Amino acid sequence: MVRRVVTGVGTSGKPVIVSDGEPPVTRQYTHTPGFARSLVWNTAAPASPSGDPTESLKSYVPAPGETIALTVTFPPGGVYADPGWDPVAAGAEQAENTPGLAELFEPDNPGMHTTPTVDYGVVLSGEIVLDLDDGETAALRPGDLVVQNGTRHAWRNPGTEPATLFFVLIGADGTA
């Protein structure tokens, strides 16, 4: 479970904790066991303090100047090799839970996608591999940071344990 603590200004004008707990837009995927996503926060441009905007998010691809903060848990790669895994049902679940982003995944190259964003990523737990074009990869461990700069990429978990990452996606003008 991801814990999110949100601050705000109370009626007295002093800082208060507005919420403390699991983000309301948290999904444990049914068709890809072990895959999970929690929308932590998002902002419009220009950013300003607000009530919780997560439940009204229309697209997981922020427009230029907008942001999205989320955690993603990637199951071990063996989940995708399991004969019971249904890629069609998993794709439909992705489309329902991540509008805007799901459409950017390449049907002929599973996992590969390009987003018009600059993404800051932090590996919280587990190990993950960032795949780029032409076989270029980076193996990442807890505490490693990534700046994913509008490039075509995929995330792969070759291990036996889930890998959880925290991302901040910043909408950009085009790709690298």
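For the structure itself, consult the block above.
What counts, and at which threshold
Residues numbered from 1 in each chain as written. Predicted model: local features only at pLDDT ≥ 70, side-chain atom pairs only at ≥ 80, totals over all residues. Heavy atoms only, no water. Helix = DSSP H or I, 4+ residues; strand = E, 2+ residues; numbered from the N terminus. Rg over C-alpha atoms; globule rule 2.2 N^0.38 Å. Buried < 20%, exposed > 50% of the residue type's maximum accessible area, 1.4 Å probe, protein only. Contact = heavy atoms within 4.5 Å. Lys, Arg positive; Asp, Glu negative; His and termini not counted. Charge placed at Lys NZ, Arg CZ, Asp CG, Glu CD. Polar contact = N/O pair within 3.5 Å; in protein donor to acceptor, adjacent residues only side chain to side chain. Phe/Tyr/Trp six-rings, centres within 6.5 Å; stacked < 30°, edge-to-face > 60°. Pairing = 2+ DSSP bridges.

S.K.: Please clarify how the overall build of the protein should be interpreted in this entry.
M.R.: In terms of regular secondary structure, the protein is built from 2 helices and 11 strands. From first element to last, N terminus to C terminus, the protein shows the α and β order β-β-β-β-β-α-α-β-β-β-β-β-β. Over its C-alpha atoms the protein spans a radius of gyration of 17 Å, differing by no more than 12% from the 16 Å that the globule rule assigns to 176 residues. Based on the C-alpha atoms only, the size of the protein along its principal axes is roughly 55 × 35 × 30 Å. Taken over 176 residues, the protein has a buried fraction of 37%. Across the protein, contacts joining residues at least 24 apart in sequence account for 63% of those joining residues at least 6 apart. Counting 9 positive and 21 negative side-chain charges, the protein places the averaged centre of each group 9 Å from the other.

S.K.: Help me understand the side chain of R4 in this model?
M.R.: Considering the arrangement of structural elements, one finds R4 in strand β1 (residues 4-9). A polar side-chain atom of R4 sits 2.6 Å from a polar atom in the side chain of D52.

S.K.: What's the story with the packing of aromatic side chains in this structure? I'm lost.
M.R.: Where two aromatic rings form a pair, the distance of their centres and the angle of their planes describe that pair. Overall, the coordinates contain 5 aromatic pairs when judged by the stated rule. Seen in terms of ring centroids, F35 and F74 are 5.8 Å apart; in terms of plane orientation they differ by 85 degrees. Their pairing is edge-to-face. Taken together, the residues span a long stretch of sequence, with F35 in the loop between β3 (25-28) and β4 (36-43) and F74 in strand β5 (residues 67-74) at a distance of 39 residues. Given the relative accessible area of 11%, F74 is considered buried. Measuring from ring centre to ring centre gives 6.4 Å for F74 and W155, while their planes differ by 40 degrees; the resulting arrangement is tilted. Here W155 lies in strand β10 (residues 154-156) and F74 lies in strand β5, a separation of 81 residues in the sequence. We classify W155 as buried; its relative accessible area is 13%.

S.K.: Got a minute to help me understand the pairing of strand β6 (residues 117-125) in this structure?
M.R.: The side chains of a regular strand alternate between the sheet's two faces. Where β6 meets strand β11 (residues 163-171), 8 bridges bridge the pair, whose relative direction is antiparallel. When the sheet's bridge partners are listed, V123 is paired in β11 with L165. One ladder, built from 5 bridges, connects β6 with strand β9 (residues 145-149); its direction is antiparallel. In the strand pairing of β9, Y120 is matched with V147.

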